[in-house]
Amino acid sequence: MTCGDRAAAANWLLKLTLLSLAAAWGSALRLQGNAYDGLLVAINPQVPEDQKLIANIKEMITEASFYLFNATQRRVYFQNIKILIPTTWKANNYGRPQHESYEKAEVIVAAPYWKHGDEPYTLQYGECGNMGKYIHFTPNFLVNDYLIHVYGSRGRVFVHEWAHLRWGVFDEYDNERPFYITGQNQVKVTRCASDLTGIYVCEKISCTQGNCVINQLTGLFKEGCAFIPERTQTAKSSIMYMQSLSSVVEFCNESNHNREAPNLQNRMCDYRSTWDVIISSTDFNNTLPRTNTSLPPPPTFSLLQKRHRIICLVLDVSDSMNGDDRINRLRQAAELYLLQIVEDNSYVGIVIFSNEGEIRTQLHQIVNEDIRKQLASYLPTAPSSGGTNICAGLQLGYEVIKKQDGNIYGSEIILLTNGEDSRINECFSNVINSGSIIHTIALGPSAAKEVEQLARETGGLTFFASDRLDSNDLIDGFSGISSRSGDTFNHSIQIESAGERTESYKQFSRTVTIDSTVGKDTFFVVTWQIAEPPTITLLDPSGKNYTNKDFEVDTVLQVARLQIPGIAKIGEWTYALTNTHLSPQVVTMTVTSRAANSTIPAVTVKAHMSSDRNEYPRPMVVYARVSQGLSPILGANVTAIIKPGNGDPVILELLDNGAGSDIVKNDGVYSKYFYSFSENGRYNLKVRVQRANKTVRPHPTVLWSHSMYMPGYIENGKIQMNPPRPSVIRNEDIQTTVDGFSRTASGGSFIVFAVPTRPHIDVFPPCKIIDLDAKTADDMIILSWTASGDDLDQGQAASYEIRTSESPLELRDNFDNAILVNTSTLTPQRAGFKEIFVFKPDAFATENITTIYVAVRAIDKASLHSDISNIAQAVKFVPQMDYLTADIEHNVSTIVLIGGGLLTAVCLIISAILCALKKKKEVIITETATKLL
């Protein structure tokens, strides 16, 4: 975590975070000895069947295994790989998955919706050392060999991405800052390991005479200049810079790490080398290099395919379900699940249990609305008088599932329980080893504490619903259990979930937005507490009014449901629920829908905490990923609602601003620190997302953790240019009108322990600043960053401490002894606001000092200080220096373009040599090109 940690606890926290993330994301991947066992690769259902994909996946990972083994100095390799085949492909005697699902895969194969090209990348929004979410390869990357010339062999690319995913390291290049000025006032390429050789070439026709031209304001090359490496090298590193070169077989280490380069590895990992971060991971705590000289065996592959979704509801009806309207709330939520949430063609059965279990109905395949209603009729109507025997319910659930085809592999159980159960450990081993997935919903404060363990061990989801009647948490929990096959087109999407205690003859009203990506199977569902329903008024965007007479009303279950025929109208829908009774009561509204078009993904929200178990005072991070397909949605208003078992909820605004807990700006992942723990026990997370209609300028996805697109190579004295990198944004999409939308999503539950009794002392310092930037103007330095808070990223810091040094390592390792900057005129703003501070450093008065480093930390009113910020480089550019000719060691020699079929392969000319386009893509170097060191 970024804020509040001390060095002594860093390793412990890293281990706990990694383990928690693995549990939270349900990863079955394990390091057994020196071998990774259980790596899961999943193919998206939208990918057309192509057996070449499977063959190339096998070939890629086999090559990667040996490459990884050598790169980690004979420490780790891949052993058993599982490839999950989508149900949209024809059956082919594939094995049956157990806990595996598309959303739990470490590697996905899918085509992006927007034009991101075929660049492999890793979704990585945690801090240095934290595991990423998944690696994404496109089918085109895997089957078309022409991309090998651009990125290198697929196995090498896999290892580059694996380092992002597994060990949380970052790229050693930077597309935004491809060059930098060294402390010796020289222009160099942003990279790690400085012994790679090559030359500068201007790719843009606009370049003056084809030369790489210095910008006199920045001292760097103008846009269009690129570094072209020689294909044949002796340099062995680094895999996180240019793995495509055959000589590169190592990660950058302390002996060759370039601390000056303004890359993300330096910024995010406090100038530690890639290998230092990797070797410090939990993978290598007890993993020693293999001592024998033989290579590891090649990995083995299992092909798995799930044919149908099979679910059994296992519902607690013990005497603990009496009170707080629990049985009726269970029926309302489970009925909504059966009628609206579970996907067509799924098989569903129902079991209830108290001291003993009872089969309410065997499996039924959902092929029409009548089957859905029939299943709902089997839901329990009253609690029993017995105790709680969860094992009895699970055992009967397995019996129901086995009647389908004699197997329970890959099946799912939704276990809802309210009571404690001292006998649950008796069936733990059998359940975990059964091959089924257990989703758990803990209802009320007394639900068995062990049920979350079942979900974690089987890759299931966990939910918690308190007895607060206005929470709607039970409905949210059931709504959050959809198929995790990757087929989001058939998923039910929660548009709205809200409730309020409404006084007599008062009104609860809100507006929700139906956007163009949804509208099919749209339901408006109202619940209440007293026998007769509230007065319902629903107004659609065209002005049509729906009232009670249009709803299907169940006064016994206290539910009113309206299904909008066809595709619901796009725009704002306004509802008002009026309590017509003399007593106050809780009324709720839930709105669900599905994708309107089978080819256009709906906007979705996935929310989760940074871990599913947390010990005070370690803060947590709330994450909400808002996307359409794999494309991020920007500019949304995202609110997290975190509810303890008792007490009031905590409301947090989540941000995607690249500051505080948000590592990557504009990636569609919104986040915020959470530290307001009021009690021990379970907490529930819910996220609300809204965005109004607006005209926006699309942002390209910031693929921070991605494989480097090589513009070309020097081979045998000739420059061979690759095709230009595909543009992320099309010209016609420079500005576009984006629909407004509403979404609500459950982020599941988490458990907090060791919370002290109140009052709490202030133990949370300001958050680490991660976006410090420095620019120079004459002899002044202009700093900018996002304001930290008093407690993490909330509130307002008391002061800032800014220090400078000629060495980034002095700031990192000896901050207190670096040169202090006078900040008496600087008053911190509230967290999230932009800070700007200008000062004149004494160092620039010395003519031979042109580069200094700056870092800042925030201090709160309790004198707690943040961790040291990222270190910014400030360069005083000396325009008199000619970077192209001043130092022959770093000179770019005359390069003449006499061929090239690509428009972007342009010439770098010093002498007046004719530049002509020919059919072959090559540039002949007519004069000796000095190597760039």
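Everything below is about the structure shown above.
Rules and cut-offs
Within any chain, residue numbers begin from 1 and follow the written order of that chain's sequence. Local features in this predicted model are restricted to residues of pLDDT 70 or higher, and side-chain atom pairs are both shown and tallied only at a pLDDT of 80 or more, whereas totals for entire chains, interfaces and linings draw on every residue. As a convention, hydrogens and water are excluded, and side-chain values are obtained from all of the structure's heavy atoms. Helix numbers and strand numbers start at the N terminus; a helix is a DSSP run of H or I with at least 4 residues, a strand a run of E with at least 2. Only protein chains enter the accessibility calculation, which uses a 1.4 Å probe; a residue whose area is less than 20% of its type maximum is buried, one above 50% is exposed, and one in between is partly exposed. Here, nonpolar core refers to any group of buried Ala, Val, Leu, Ile, Met, Phe, Trp, Tyr and Cys residues whose side-chain atoms link them within 4.5 Å. Between two residues, a contact is recorded if the distance between any of their heavy atoms is within 4.5 Å. Pairing between two strands is assigned when DSSP locates at least 2 bridges connecting them. To obtain an axis, a line is fitted to C-alpha atoms, over the contacting stretch when the element is a helix, and the angle between two such axes runs from 0 to 180 degrees between their N-to-C directions.

Asks: Account for unusual backbone geometry, with residues named and values stated.
Replies: Residues serine 237 and serine 238 are joined by a peptide bond in cis, for which omega reads 20 degrees. Inspection of the secondary structure assignment puts serine 238 in the loop between strand S10 (225-229) and helix H6 (239-242). Here the amide bond leading from tyrosine 616 into proline 617 is cis, since omega sits at 10 degrees, within 30 degrees of zero. Tracing the backbone shows proline 617 in the loop between strand S28 (613-615) and strand S29 (620-628). In this structure, asparagine 93 is a non-glycine residue whose phi angle is positive, near 55 degrees. Inspection of the secondary structure assignment puts asparagine 93 in the loop between strand S3 (77-85) and strand S4 (107-109). One non-glycine residue with positive phi stands out, namely glutamine 558, at about 60 degrees. Checked against the element boundaries, glutamine 558 lands in the loop between strand S23 (552-554) and strand S24 (559-567). Glutamine 558 gets classed as buried once you look at its relative accessible area, which sits at 10%.

Asks: How would you explain the nonpolar core if you had to name every residue and give the values?
Replies: By size, the foremost hydrophobic cluster in this structure holds 76 residues, and its most contacted members are Phe78, Phe158, Trp162, Trp167 and Phe251. Per-element tally for this core: the top contributor is helix H2 (residues 51-71), with nine residues. In this structure, phenylalanine 158 is in contact with Leu39, Met60, Ile61, Ala64, Phe78, Val107 and Phe137, ignoring residues within four places of it in sequence.

Asks: Please give an account of the sheet that holds S24 that cites residues and values.
Replies: The five strands are arranged S18-S26-S20-S24-S23 in an open sheet whose pairing can be described as antiparallel. Looking at the sheet topology across the chains shown, the edges are occupied by strand S18 (493-502) and S23. Shown here is a sheet whose adjacent strand axes are inclined to one another by a mean of 15 degrees, direction ignored. In terms of strand pairing, strand S20 (residues 518-527) meets strand S26 (residues 585-595) through seven bridges, oriented antiparallel. Bridging from a neighbouring strand, phenylalanine 523 pairs with threonine 592 of S26. Strand contacts of helix H9 (residues 326-341): S20, S24 and S26, with the helix running at about 15 degrees to S24, the strand carrying the most contacts.

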